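Each chain, letter by letter, is given below.
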Amino acid sequence: MKDATVRLSGISIKNFKNVKNGEISFQNPRKKYRASILGLYGQNGSGKTALIDALQILKNILCGRKLDPETADYINVDAESADLEYVFDISALDGNYKAYYECCIRKDYEDTEQNLDHDNSQSKQSKTVIYDEVLSFSFENADTRIRKSRFIDTRTAKVFTPSVKYGLLIGNEEKTKMNLLVAKKMAEQTSRSFLFSRELLGAAKEHGKSQMADAEYSRHMNLLETLIFYGHYELFVINQATAGTISMNFLPLAFKYEDKRTKAAGLTILPLDKPSVIFKETVGIVENVIKNMNIVLEQMVPGLTICIKDLGDEIMENGKAGKRIQLLSCKNSREIPLKYESDGIKKIVMILQLLIAVYNQDSVTVAIDELDSGIFEYLLGETVRIVSEKGKGQLIFTSHNLRMLETLDRGFVAFTTTNPSHRYIRMTNVKDNNNLRDYYYRDITLGTDSQNEQLYEPTHNAEIALAFREAGEIIVP
């Protein structure tokens with residue numbers, strides 16, 4: 001459903017990093033805005049980045065990517081597995097869907113033989129396993145109303161249940177069943193999602209060649225394809241792993257889906273600190289994107305633009321013609337490599353094209369860890385306020401800069417607590433004339449329980465000063 005609008009409306013996290021239990025809605029409970037914004041604030045080490053990491057896992061799952069072995073290290077030290085659940089609101093031509101995807105991740109080990117000093121020995125390598133995947137949904141339009149029910153449930157030795165849904169989506173051919181059982185096992189072995197795998201989607205499409213007139217089949221297939229498309233082209237996560245790059249994956253939103261150049265450019269990632277090689281046929285598209293970015297950049301940082309420097313032709317790994325380029329910053333008629341700009345300028349450039357997409361596109365979700373890093377607080381506060389009031393898409397971010405507490409509607413803001421079993425809350429008992437920033441400071445400094453949860457683990461200045469002095473007295477031999 002290329003014309004569908006997808007909005008991530010909620011998430012539930014259990015035993016993930018330092019979050020034993022945390023649930024949060026991304027919907028503003030106070031007022032209906034077209035844009036969906038959530039700014040998450042809290043003490044260091046209180047679960048903010050855990051939220052962004054959980055969204056990165058979702059993107060990898062929807063895209064059919066392998067989860068890194070290190071992902072299993074995110075499982076809480078007191079648990080054997082982590083549970084994640086995501087809720088989506090989907091508005092499509094045939095009606096409105098509410099989808100629920102849940103999964104578990106655990107750490108497994110695989111045996112690999114290594115020949116060390118001519119002596120065969122066994123060593124263990126860890127891997128992340130995705131299992132117990134369940135996709136449920138409800139549906140409603142003018143003629144039909146379907147209550148929430150399971151669509152695909154992989155918690156079985158079969159391919160998936162319920163059997164009625166399996167027969168509807170896949171059919172009953174024994175060969176297809178055996179192939180999918182193998183694919184399910186291989187997905188587990190390779191740290192990938194089976195539910196959103198190419199194998200399952202391919203089998204469903206093959207069966208659908210004789211089912212295209214079936215409205216029920218189309219409804220289920222549309223849901224599956226919409227979530228996969230959303231993961232590839234409409235969900236973006238900026239964290240430590242993706243910092244320092246400009247992703248071009250949002251391009252299908254601005255160009256025709258059938259454009260082959262767009263699909264190629266959708267895989268383009270431009271690093272800020274070094275030259276890169278892109279498909280020669282996508283150079284014009286990248287230049288177009290940079291041109292659009294400069295329209296906003298010049299207003300945010302007066303006199304500053306960016307451009308690309310052509311460093312010559314180069315043949316890519318696949319043998320196709322490529323172009324080596326480097327990003328430059330241009331100010332006062334002088335061009336320098338962008339890598340020599342301040343961290344704040346690089347952060348603005350890194351996120352700008354995604355903010356433009358959020359402002360203009362309904363079905364875009366952008367999640368950014370430490371949005372405030374290096375950016376002047378007044379500029380940041382005003383920019384996010386503009387996006388929240390006039391934008392169309394969805395922005396989820398973590399921050400330490402409290403300026404945005406004064407510029408955003410408080411329904412767009414949530415906080416972490418010191419309770420790992422109840423990590424995320426929204427402020428209550430806040431009056432319209434209260435300054436949310438001052439209100440938050442008051443709860444921190446006075447240690448009040450007005451929110452029924454502690455928002456800050458108290459620190460004591462005298463003890464910190466004493467610790468500094470004691471540390472300085474240590475004599476290093």
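Rules used in this analysis
Along each chain, the written sequence defines residue order, and numbers are assigned to residues from 1. Local features in this predicted model are restricted to residues whose pLDDT is 70 or higher, and side-chain atom pairs enter the listing and the counts only when it is 80 or higher, whereas totals over whole chains, interfaces and linings include all residues. Note that water and hydrogens are dropped before the side-chain values are worked out from all heavy atoms of the structure. Side-chain atoms within 4.5 Å link the members of a nonpolar core, which is a set of buried Ala, Val, Leu, Ile, Met, Phe, Trp, Tyr and Cys residues. Burial status follows relative accessibility: with a 1.4 Å probe on protein chains alone, a residue under 20% of its type maximum counts as buried, one over 50% as exposed, and anything between as partly exposed. Strands are runs of DSSP state E lasting at least 2 residues, helices are runs of H or I lasting at least 4, and numbering of each runs from the N terminus. Between two residues, a contact is recorded if the distance between any of their heavy atoms is within 4.5 Å. The span expected for a helix works out to 1.5 Å for each residue beyond the first. Here the bend at a residue is taken as the angle between two axes, fitted respectively to the seven residues that end there and the seven that start there. We treat two strands as partners when DSSP finds at least two bridges between them. Pairing of aromatic rings covers Phe, Tyr and Trp, the last counted by its six-membered ring, and requires centre-to-centre distances within 6.5 Å; plane angles under 30 degrees mean stacked, over 60 mean edge-to-face, and any other angle means tilted. Each ring is checked for a lysine NZ or an arginine CZ that lies within 6 Å of its centre and within 35 degrees of its normal; such an atom marks a charge sitting over the ring. As a rule, the C-alpha atoms of each element are fitted with a line to give its axis, helices using only the stretch in contact, and angles between N-to-C directions run from 0 to 180 degrees. Here, a disulfide means two cysteine sulfur atoms that sit within 2.5 Å of each other.

**A word on the nonpolar core**
In step 1: Counting residues in hydrophobic clusters, the biggest one holds 68 residues, and the most contacted among them are L51, Y86, F88 and Y101.
In step 2: At 9 residues, the largest contribution of residues to this core is made by helix α1 (residues 48-62).
In step 3: Formed by 58 residues, the second largest nonpolar core is a distinct cluster that contains F236, I246, I351 and F415.

**A word on the side chain of S136**
In step 1: On the secondary structure map, S136 appears in strand β6 (residues 119-140).
In step 2: The residues contacting S136, other than those within four sequence positions of it, are K98, A99, Y100, K148, S149, R150 and F151.

**Description of helix α8 (residues 343-360)**
In step 1: Here α8 contains 18 residues, and its C-alpha end-to-end distance of 26 Å stays within 8% of the 26 Å for a straight helix at 1.5 Å per residue.
In step 2: If you look at α8, its biggest bend is around 40°, right at L352.
In step 3: Burial analysis of α8 places 14 of its 18 residues in the buried class, which makes it a mostly covered element.

**A few points about the pairing of strand β1 (residues 5-16)**
In step 1: When you tally the buried positions in β1, you get 9 out of 12 residues, the bulk of the element.
In step 2: Where β1 meets strand β4 (residues 81-92), 9 bridges bridge the pair, whose relative direction is antiparallel. Among the inter-strand pairings, K14 is bridged to a residue of β4, identified as D83.
In step 3: If you look at the hairpin formed by β1 and strand β2 (residues 19-25), you'll find 2 residues sitting between the two strands, and K17 has a positive phi there, around 55°.

**A few points about the packing of aromatic side chains**
In step 1: What the rule picks out here adds up to 12 aromatic pairs.
In step 2: Ring plane angle 80° and centroid distance 5.6 Å describe the contact between F16 and Y74, whose orientation is recorded as edge-to-face. Taken as a pair, F16 in strand β1 and Y74 in the loop between α1 and β4 lie far apart in primary sequence, 58 residues in all.
In step 3: The exposure class assigned to Y74 is partly exposed, which follows from its relative accessible area of 28%.
In step 4: With 6.1 Å between their ring centres and 85° between their planes, F88 and Y230 make a pair best called edge-to-face. Here the residue F88 occupies a position in strand β4, and Y230 occupies one in helix α5 (residues 215-233), the gap between them amounting to 142 residues. The same class applies to F88 and to Y230, which are both buried.
In step 5: Counting every residue linked through ring pairs, the aromatic cluster contains Y97, F137, F139 and F151.
In step 6: Sitting above the plane of the F236 ring, K59 keeps its charged end 5.5 Å from the centroid.

**Comments concerning the sheet that holds strand β8 (residues 235-238)**
In step 1: A sheet is described by the order of its strands in space; here 6 strands give the open sequence β8-β15-β16-β3-β17-β18, paired in mixed fashion. At either margin of the open sheet sits one strand with a lone partner, and together these are β8 and β18 (424-425).
In step 2: Along the sheet face, α1 touches β3 (36-41), β8, β15 (365-368), β16 (394-398), β17 (413-416) and β18 and points at about 140° away from the line of β8.

**Comments concerning the state of the cysteines**
In step 1: Under the criterion given, the structure shown has 0 disulfides.
In step 2: The closest cysteine sulfur to the non-disulfide-bonded C330 is located on C307, 3.1 Å from its own sulfur.
In step 3: On the basis of relative accessible area, C330 is assigned to the buried category, the value being 15%.

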